[in-house]
Amino acid sequence: MSDPAAPPRSLAEALRVRDDASLAVLLRSRPDLITPVPTDLTQLATRAGTRASVVRALERLDRCALQTAEALAVAADPATYDELLALMAGDEGDPAVARALPHALATLRDQALVWGADDRLRLVRTARELLAPSPQHPSPTGLGPTVREATAGMSPGRIQEIVTTAGLPSTHDAVSAVSSLTALFGDRRRMAALLAGAPEESREVLSRLVWGPPYGQVTADPAPRLRWLLDRGLLLPTAPGTVVLPREVALHLRAGRAHRTTEPLPPPVEASATHRPQVVDATAAGQAYTALATVEELLKDWDEGGPTVLRAGGLSVRDLKRTAVALDVSEPLAAFWVELAYASGLLASDGEADERYAATPAYDEWLEQPAAQRWALLAETWLTATRTSGVIGGRDAKDRTLSALGPGLDRSAAPEVRHRVLTLLAGLPEGASPSAESVLARLRWERPLRGPQRDDDLRGRLAQWTLGEAEMLGITGRGALSAHGRALLGMPLPEPVPEEPAGPGDKLPVHHRPAPPPEPLSPAEQATASATAARLLAPLLPEPLDHVLLQADLTAVAPGPLQRPLAAMLDVLADVESKGGATVYRFTPGSVRRALDAGRSASDLHAFLAEHARTPVPQPLAYLIDDVARRHGHLRVGAASAYVRCDDDAVLNEILADKRAAGLRLRRLAPTVLAAQADPAALLEGLRAMGFAPAAESAEGDVLITRADAHRTPPRTAPEPVRDGPPTPDATLLAAAIRAIRAGDLASTTPRKPAATGDSVAVTGGELPRTTSAETLATMQAAVLTGEALWIGYVNAEGAASQRVIAPVRVEGGFVTAYDHTADEVRTYPLHRITGVAELADDAG
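Anyway, here's the lowdown on the structure attached to this text. Small disclaimer: the values here were computed from a predicted structure and weren't measured. For every chain, the first residue of the written sequence is number 1, and numbering continues from 1 along that sequence. It should be noted that, the model being predicted, local features are given only for residues of pLDDT at least 70 and side-chain atom pairs only at 80 or more, the latter also being counted only at that level, while totals for whole chains, interfaces and linings use all residues. Each side-chain value is worked out from all heavy atoms of the structure, with water and hydrogens disregarded.

**Things to note about the sheet that holds strand β25 (residues 834-839)**
Test applied: Strand pairing is defined by DSSP finding a minimum of two bridges between the two strands. A run of H or I in DSSP counts as a helix once it spans at least four residues, and a run of E counts as a strand once it spans at least two, with each numbered from the N terminus. Between the N-to-C directions of two axes lies an angle of 0 to 180 degrees, each axis being a line fitted to C-alpha atoms and, for a helix, fitted only over the stretch in contact. In what follows, a contact means two residues having at least one pair of non-hydrogen atoms within 4.5 Å.
The strand order across the open sheet built from five strands is β24-β23-β22-β21-β25, with neighbouring strands paired in antiparallel fashion. Edge positions in the open sheet fall to β24 (825-830) and β25, since each of these has one partner strand only. Going from strand to strand, the sheet's axes swing by 45° on average, the running direction of each strand aside. Bridging between strand β23 (residues 815-820) and β24 involves six bridges; their strand directions are antiparallel. Note that in β24 the partner of Thr817 across the bridge is Thr828. Along the sheet, helix α33 (residues 773-786) contacts β21 (790-795), β22 (801-812), β23 and β25; its crossing angle with β22, the most-contacted strand, is approximately 60°.

Structure, rendered in structure tokens:
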């Protein structure tokens, strides 16, 4: 067993000396390491060094931690803390970097990207390969290879020539010559003297390469300014026609800095305006009410069956435009509301042969809930959904257009970005709205773009969409986070805390310290937070009204939201003319006829208006209802293909004489009956277009009441968010995983006694012990008597092999009952599945 006091020789040994809290931090920050749970710490260290896991971990570092890792990648291996600080802060030093570096290094250690004490810091090999400079993958620092790396293929004679020209004594071998040249380039005083004699043109060449890229092109006969640099090794050839600026020379010219600009602190989120919190909450509540009304209007428009589903899935561009016109919004906003309703489970495809979109049964349940609870469902869905309407209209990996409600809209980073943007808003004073530029700058610091991502700043676009969508949903008001928006995040209302000015020697203020962003809430916590948000929002929403104001110009004004039965009836009896703080309805002959077609009589309509009007029913409106009712049903349309019958043959004569009836191809069957080749629905529309008010009738001659039947899909579940990798483990899972890893590590590292002679097979490292059945049984029975622990190899029913440390309690009937240190519980094992057994060494811990 290794000495605990000795410095670790590998990442596995470094993990082995960590406590459980430190391992929990690692597994929480890199949940892919416990999917599945490693058998021991050696396997955990191996998994932590795989390329996919390291890339994922690097992508989640903030700017300061990433720059620290990049500096370690160009430092010696291993490096000391002082060497790392010099690379980060430069020769002159930077107090802000000096204060931030311990936190950044601790972050890298917590995530198992760096291990070792401060005098022997090591970056894991995979991270070094990813971040170290190479001709194919330049370092983010802009530094090139070291002198030793650049001269690896150079002839010894040429190296001696460079050493002599640089003013150094010649050596007997190339290795010492390279070391001498490296020492020269690393000595600030001697390098300053060497460069002082350089021509101005040569120093200009170095200035163009110093911050990268460090490679340049030369001809077979270099110019004098290049020849001076090549002769002294300040530029070294790497390939025919290519030269590179050695890393040591670049660091001298940079005054020791690995980065041109070191960013130890996150940029602050700046407030662009400040409003009274009451104004913010009231504005947000108004937007929340508008959001509810918009979703209701959308689904009401699709109540009898919405647009058809494209063959490839999704909504056609034409149907999206029609929806935008119906909602009186732009197409991107219409796509947002459609996607939100779909993600909330209120909208889905009906699955019929002629597949169409329609409301789900959950929509009817949603309508019955109080307004604040309905808003909470929309807001919570938006916060956690991965479907992103902002990418609609773009192209997928196969160059296909992304359509609303179609596939390919999931962006796994969306929930995290939304939560983080709102959290940044919550960090501002109450009523303060941030500038979008400062929010984007903060997010870029927290997650710097690396590699190909630089061309596609998805997180930046998600943040911009979040700011706009949060305002539309009423989570923010005038750009500032509302009280119910803060509750939606599970945050308490802020309390004013006076800030004391920091002295020159004080530590950084708390709000300037880089801290890990808070994790999104669990489903149970989010449900509680949403209920709290709904409770805060409810008093701010307007109470539904039970009345309207009738006017003499055949309009009705609803001064606020109406109760649902009243609103439903008005939608049938009148047409919406304008919306806003007050909704204006207009009564027309067509709208009154629509109410009569729905089974209402003239007396019903008069009674309805008298009951719900705060003003007397205007005479023109009463006359309109009576006039339309008098003519309604005078004509009857049925199926012949279709027919028209009327007791007044003069009316039928008028229809036949009208040129507009030519397309209906009518002919008289009897003095009071006309037959048509058009279907009844077309005949009804044609006669109404001619100014008549026909009524449809059944085969029995009864008037048909044409109530709109609400089309619903079968029960549907809301789409599940598409997560980016495994979810963050909770405390229970972490504790169980760490216990299993510790136990497995104990089984694999516990010292064993040397194998006895005979048929026993000695084992080393992580191999399973091998003993005969007789030896296994005898050793087990002896351990029961002595109470000693044993090391066994075990193969389960699925064929998976593992090592375990057990303390046998009873052996009978082909089974051994023992306390399993690996599982930390008493278990029973079949003897025939035990591959072998070995006694632990006397000094085993």
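**Quick look at the environment of Val280**
Note the cut-off: The rule is simple: take the accessible area with a 1.4 Å probe, protein chains only, and divide by the maximum for that residue type; under 20% is buried, over 50% is exposed, in between is partly exposed.
For Val280, the position within the fold is in helix α16 (residues 277-301). Classification of Val280 by relative accessible area gives buried; the value is 1%. When residues no more than four places from it in sequence are discounted, the contact partners of Val280 are His275, Gly431, Gly477, Ala480, Leu481 and Ser482.

**A short note on the pairing of strand β15 (residues 583-586)**
Pairing of strand β13 (residues 555-558) with β15 involves four bridges; the strand directions are antiparallel. For Ala558, the partnering residue across the bridge sits in β15 and is Thr583. Where strand β14 (residues 575-578) meets β15, three bridges bridge the pair, whose relative direction is antiparallel. Note on β15: the bridge partner recorded for Ser578 is Val584.

**Some details on the packing of α16 against helix α20 (residues 371-384)**
Here is the rule: Working rule for angles: under 35 degrees goes down as roughly parallel, over 145 as roughly antiparallel, 65 to 115 as roughly perpendicular, anything else as oblique. Residues are grouped as follows: Ala, Val, Leu, Ile, Met, Phe, Trp, Tyr, Cys and Pro are nonpolar; Asp, Glu, Lys and Arg are charged; all remaining types, including Gly, are polar.
The interhelical angle for the contact between α16 and α20, taken along N-to-C directions, is 80°, at an axis separation of 10 Å. With respect to α20, the axis of α16 lies roughly perpendicular. Judged by residue contacts, Ala288, Leu292, Val295 and Glu296 of α16 engage Ala371, Arg374, Trp375 and Leu378 from α20. Class assignment for the residues of the contact of α16 with α20 results in six nonpolar, no polar and two charged.

**So, unusual backbone geometry**
Of note, the bond from Thr35 into Pro36 is cis; its omega dihedral lies within 30 degrees of zero at 0°. Secondary-structure assignment places Pro36 in the loop between α2 (20-29) and α3 (41-48). The residue after Asp77, namely Pro78, is reached through a cis peptide bond having omega 0°. By secondary structure assignment, the location of Pro78 is in the loop between α5 (63-73) and α6 (81-89). Unusually for a residue other than glycine, Ala255 sits at a positive phi of about 60°. As for its placement among the helices and strands, Ala255 is situated in the loop between α15 (247-253) and β6 (271-274). Despite not being glycine, Leu554 shows a phi value in the positive range, around 65°. Leu554 sits in the partly exposed class, given a relative accessible area of 22%.

**Here's the deal with the packing of aromatic side chains**
Put simply, the test is: Any two of the Phe, Tyr and Trp rings considered here, Trp counted by its six-membered ring, make a pair once their centres fall within 6.5 Å; the pair's planes then place it as stacked at under 30 degrees, edge-to-face at over 60, or tilted in between. Geometrically, a lysine NZ or arginine CZ counts as sitting over a ring once it is within 6 Å of the ring centre and also within 35 degrees of the ring normal.
One pass over the structure, following the stated rule, counts four aromatic pairs. Note that Arg374 overlies the ring of Trp366, its terminal NZ or CZ placed 5.4 Å from the centroid.

**Focus: helix α30 (residues 649-657)**
Filter applied, for reference: Directions are taken from the helix axis to each C-beta atom, and the arc is the one they span. Whenever two N or O atoms come within 3.5 Å, that pair is a polar contact, provided that in protein one can donate a hydrogen and the other can accept it, and provided that, for residues adjacent in sequence, both atoms are side-chain atoms.
Among the residues of α30, Val651, Leu652 and Ile655 are the ones counted as buried. Down the axis of α30, the sector holding all buried residues measures 100°, keeping them to one side. Residues of α30 that are buried make contact with β17 (642-645), β18 (666-670), β19 (673-676) and α31 (680-689). You can read the cap of α30 off the contacts: a side-chain oxygen lies 3.1 Å from the backbone nitrogen of Ala650, and it is on Asp648.

**As for the side chain of Thr771**
As for its placement among the helices and strands, Thr771 is situated in the loop between α32 (731-749) and α33. The class of Thr771 is buried, set by a relative accessible area of 19%. One polar contact links the side chain of Thr771 to the main-chain amide nitrogen of Val837, over a distance of 3.2 Å.

**A word on the nonpolar core**
We count it as follows: Buried Ala, Val, Leu, Ile, Met, Phe, Trp, Tyr and Cys residues that are joined via side-chain atoms within 4.5 Å together make up what is termed a nonpolar core.
Counting 90 residues, the largest nonpolar core has Leu15, Phe185, Leu234 and Leu235 as its most contacted members. Among the elements that take part in this core, α5 stands out by supplying seven residues, more than any other. Those residues in contact with Leu234 that sit more than four places away from it in its chain are Phe185, Met191, Leu194, Leu195, Leu206, Trp228, Leu229, Val244, Leu245, Pro246 and Val249. One finds Leu292, Leu299, Trp382 and Leu405 within the second-largest nonpolar core, a separate group that totals 68 residues.

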